[in-house]
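What follows is the residue order along each chain.
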Amino acid sequence: QTARNFAIMVDHLLAGQASPVEKTALRRWLEIWRDNNALLAPTLRNSSLLQEDAGLSQSLARVAEVGLQALDVLEGHLQADAALRAQQLATLEDATKPQAELQLMIVEPVRKLVLGYSR
């Protein structure tokens, strides 16, 4: 449900229809997902049952960082060039590969953010 709501807010943002609350929520969710890996890392390392999830957590953090960069570009806080865009798209492509039989559902909305600033 959270990923679905996130995707809807991305669509609103790119259509120029996002409310201030949605803009704040987009950034906050990306910050939570980015920072969560550092919080989970000790638990993931120390549990043999969860070690396979470490890669998924790291991928989520990388995708979230790309999303934050894309928001910064869209808001005019960061200059983007072709090299940054290519790096971001490569990170997102890498994150589409299933890990621990799971897929990150925020990859496509974040890809929309990256493509949205390069129109």
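Quick caveat: nothing in here was measured; it's all calculated off a predicted structure. (Residues numbered from 1 in each chain as written. Predicted model: local features only at pLDDT ≥ 70, side-chain atom pairs only at ≥ 80, totals over all residues. Heavy atoms only, no water.)

(A) Representation of helix α4 (residues 82-95). The first and last C-alpha atoms of α4 sit 20 Å apart over 14 residues, in line with the 20 Å expected at 1.5 Å per residue. Of the positions making up α4, those classed as buried are L84, Q88, L92 and A95. Each buried residue of α4 lies within a common arc of 70° when the element is viewed along its axis, so the set occupies one face. Counted as exposed and oriented over 90 degrees from the buried face of α4: A82 and A83. Where the residues of α4 are buried, they touch α3 (54-74) and α5 (107-117). Between the side-chain oxygen at the start of α4 and the backbone nitrogen of A83 there is a gap of 3.2 Å, and the oxygen is on D81. (Helix = DSSP H or I, 4+ residues; strand = E, 2+ residues; numbered from the N terminus. Expected span 1.5 Å × (residues − 1). Buried < 20%, exposed > 50% of the residue type's maximum accessible area, 1.4 Å probe, protein only. Arc of directions from axis to C-beta. Contact = heavy atoms within 4.5 Å. Polar contact = N/O pair within 3.5 Å; in protein donor to acceptor, adjacent residues only side chain to side chain.)

(B) Structural context of the nonpolar core. F6, L30, V63 and V110 are the most contacted members of the largest nonpolar core, which totals 27 residues. The element best represented in this core is α3, accounting for nine residues. Filtering out sequence-adjacent residues up to four positions away, F6 remains in contact with L26, W29, L30, W33, I106, P109 and V110. (Core = buried A, V, L, I, M, F, W, Y, C linked by side-chain atoms within 4.5 Å.)

(C) Local environment of the pattern of salt bridges. On inspection of all chains with the given rule, the structure shows nine salt bridges. In this structure, D35 engages R34 in a salt bridge whose closest nitrogen and oxygen atoms are separated by 2.7 Å. Put simply, R27, D72 and E75 are held in one network by salt bridges that share partners. (Salt bridge = Lys/Arg side-chain N within 4 Å of Asp/Glu carboxyl O.)

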